[in-house]
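Coordinate analysis (summary)
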Protein chains: 2
Amino acid sequence: MNIVLFRDSQVRAMESAVTNAETYFGRFCSLLAAYTRKTARLRDQADRLVRQLIDFANTENPEMRATMRNFAEELAKVQDYRQAQVERLETKVVTPLKLYGPQIKQTRAEIKKCKHIRNNEIKQLEKLEKLRQKSPSDRQMIAETSVQKASADASRTTHQLEETVDAFQTQKLKDLQKIFLDFVTIEMVFHAKAVEVYSSAFQTLENYDLEGDLQDFRAKMRGVYGHKDARPRRDTAPSAAVPWSRPCQSAQSTPRGQRKEEEASEDDFAEADLEEDPRGWGGDSISGTRTSKSEN
Amino acid sequence: MNIVLFRDSQVRAMESAVTNAETYFGRFCSLLAAYTRKTARLRDQADRLVRQLIDFANTENPEMRATMRNFAEELAKVQDYRQAQVERLETKVVTPLKLYGPQIKQTRAEIKKCKHIRNNEIKQLEKLEKLRQKSPSDRQMIAETSVQKASADASRTTHQLEETVDAFQTQKLKDLQKIFLDFVTIEMVFHAKAVEVYSSAFQTLENYDLEGDLQDFRAKMRGVYGHKDARPRRDTAPSAAVPWSRPCQSAQSTPRGQRKEEEASEDDFAEADLEEDPRGWGGDSISGTRTSKSEN
């Protein structure tokens, strides 16, 4: 009876190997699918940031505009790599793990089939065993041969089952190694690319010319005045309407920044004394020049 | 009146600069806070994977167990770096952006205050202007001086406002550069560390000894038989109960794998012929040796 005892234990060990694989591969699959989804969400979030950076860039002066656009571009590039990462994780990690579902089901079915055959063989053995105990010596002799035959059948089935599980286990270990190697490779490639792109983004931000933008900003504010001052308002009779209540409207209806004077400088601005010459600071020379640069 | 026209436009430009900052800094803040949260979720998800890898490792044979444990440890290390990344993003990116809220409110309040003063000054100017138009020449002379005085007051207020906005704009551009430089640095450091750790994880997985585990697995399955066979069942009278229906119970109640035989090999296993010697393959020499290795 020891043969049968062995085989039952063995079947349990085999079943346990398959059940274990089913449990953990299932968990790995859903965990890595969730990991991939969360990576995709991070990508989406960064893409939203990219869009806002571009929108913001368009409202800024030339230096910051260029800096923010380049930075946004680089951040977008990281997201392209993240997208590749997501796709690769799906193809090389999540999908192979998913495919284990049917594969495990198939192995389970095979085990079940073998168990069924084996149980029948065991019943046969049991019957013969009883017969051998109760029968006279000649019949016992026949039974002994039958027991050996039935025993061999059960062994063959077990061997078959064992080969199935052995192949399954071999494949499982190989695939596990491959899947996680792929996972690590995909991550490694992404992170390496990210380092590369962020290094370039660092340079982009580092090279930002703050002073240039401040000059633009100051010139822009003075430019509004300079341009307005160019209109011959002072020589016309003041109207009954309050003219300072709608300066932006008139400013908007007038084409601006068509001249290319570059005399405007921060120092000019700093030196202008509003108290002494309230209408003199700025003036035509500073007009819409920089403004034209930062338009659109 | 041109002075006033200029000032009104200028105030609008200033207000627009502050409003623009309010809009985009607010958006950057919430987008980067969401980015940080999503990074934290990715960390949590990977932590879950780490726990399952460790659980799984404990069910596997020695080679896979060691490989999976090391891999899990390395994956956990990446999450430690991600945790540092999350904390740094919060401290050096999200918080500074958040602090812009009150700062912008303060600047807005200052602009409002200046605008209020300026409006009063403008009303004064308007009054004087009307007076100058309607009054006799001597009164007009007085009014002219008052206009110049009121005009100078409005200029001073505008200048004050301009300085406020200039300081705000300078700070804004500097901070923007710093915040995004910090963002890029934090990301760069994380990705560089991730590359480092994943390189090591790659080696861990690459070095996995599949053959060793397969030998363990095969020995384990045979070990169950080997041990059972050692019990003197065959010499006792068969019981009425069906002995092969509960082999795992007796196997569990028996201490296993206390012997240190190393004769078990894959070849031994492959050469065993079930058909020819159904009860002979495996046997004591292959018994629970490897099993003991992979227990617990």
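Let me begin by describing the structure that accompanies this report. What you see is a predicted model, and the numbers here were worked out from it, not measured in a lab.

Within chain A, the secondary structure is distributed over seven helices and zero strands. Going from N to C terminus, chain A has its helices and strands arranged as α-α-α-α-α-α-α. The burial tally for chain A puts 51% of its 296 residues in the buried class. For chain A, the proportion of contacts with a sequence separation of at least 24, taken over those separated by at least 6, is 86%. Entry remark: accessible area of chain A is about 13900 Å², with carbon and sulfur atoms responsible for 49%.

With that settled, the discussion passes to the side chain of A:Arg218. Residue placement: A:Arg218 occurs in helix H4 (residues 210-230). By relative accessible area, which is 11% here, A:Arg218 ends up buried. There is a polar contact of 2.5 Å between the side chain of A:Arg218 and the side chain of B:Asp166.

Another aspect to go through is the packing of aromatic side chains. Applying the stated criterion to the full structure yields 18 aromatic pairs over all chains. Centroid distance A:Phe71 to B:Phe183: 6.5 Å. Interplanar angle 80 degrees. Geometry classified as edge-to-face. Remark: B:Phe183 occurs in helix H3 (residues 137-206) and A:Phe71 occurs in helix H2 (residues 62-134); the pair is interchain, linking two chains. The same class applies to A:Phe71 and to B:Phe183, which are both buried. Here the aromatic rings of B:Phe25 and B:Tyr100 are separated by 4.4 Å at their centres, their planes lie at 40 degrees, and the arrangement is tilted. Residue B:Phe25 is located in helix H1 (residues 2-57), and its partner B:Tyr100 is located in helix H2 (residues 62-134); the two are separated by 75 residues in the primary sequence. For the pair formed by B:Phe25 and B:Tyr100, the shared burial category is buried. Through a chain of ring-to-ring contacts, three or more aromatic side chains come together here, namely A:Tyr24, A:Phe28, A:Tyr35, A:Phe180, A:Phe183, B:Phe56, B:Phe71 and B:Tyr198. In this structure, A:Arg27 packs its charged tip against the face of A:Tyr24, placed 5.0 Å from the ring centre.

Any two side chains of opposite charge can pair, on the condition that their charged atoms come close. For the coordinates displayed, the defined rule picks out 12 salt bridges over all chains. Ionic pairing is found between A:Glu15 and A:Lys115, a salt bridge with its closest N-O pair at 3.1 Å. A residue pair is termed long-range when its members are at least 10 positions apart, and A:Glu15 in helix H1 (residues 2-57) and A:Lys115 in helix H2 qualify at 100 residues. Note that B:Arg108 is salt-bridged to B:Glu22, the shortest N-O span being 2.7 Å. With B:Arg108 in helix H2 and B:Glu22 in helix H1, this pair connects stretches of sequence that are 86 residues apart. With relative accessibility at 28%, the residue B:Glu22 sits in the partly exposed group.

Once that is clear, we can look at the environment of B:Leu128. All names here are of chain B. Relative to the helices and strands, Leu 128 resides in helix H2. Using a relative accessible area of 10% as the deciding quantity, one classes Leu 128 as buried. C-alpha separation for the pair Leu 128 and Glu 144, spaced 16 residues apart in sequence, amounts to 7.8 Å.

Between its terminal C-alpha atoms H2(B) stretches 105 Å, which fits the 108 Å expected from 73 residues at 1.5 Å a residue. When the local axis directions of H2(B) are compared, the greatest deviation, roughly 35 degrees, occurs at B:Glu90.

What counts, and where the lines are drawn
- Residues numbered from 1 in each chain as written.
- Chains lettered and ligands numbered in written order.
- Predicted model: local features only at pLDDT ≥ 70, side-chain atom pairs only at ≥ 80, totals over all residues.
- Heavy atoms only, no water.
- Helix = DSSP H or I, 4+ residues; strand = E, 2+ residues; numbered from the N terminus.
- Buried < 20%, exposed > 50% of the residue type's maximum accessible area, 1.4 Å probe, protein only.
- Contact = heavy atoms within 4.5 Å.
- Areas by Shrake-Rupley, 256 points an atom, 1.4 Å probe, with all protein chains shown as cover.
- Polar contact = N/O pair within 3.5 Å; in protein donor to acceptor, adjacent residues only side chain to side chain.
- Phe/Tyr/Trp six-rings, centres within 6.5 Å; stacked < 30°, edge-to-face > 60°.
- Lys NZ or Arg CZ within 6 Å of the ring centre and 35° of its normal.
- Salt bridge = Lys/Arg side-chain N within 4 Å of Asp/Glu carboxyl O.
- Expected span 1.5 Å × (residues − 1).
- Bend = angle between axes of the 7 residues up to and from the residue.

Everything listed here is a matter of coordinates, which is why it stays silent on function.
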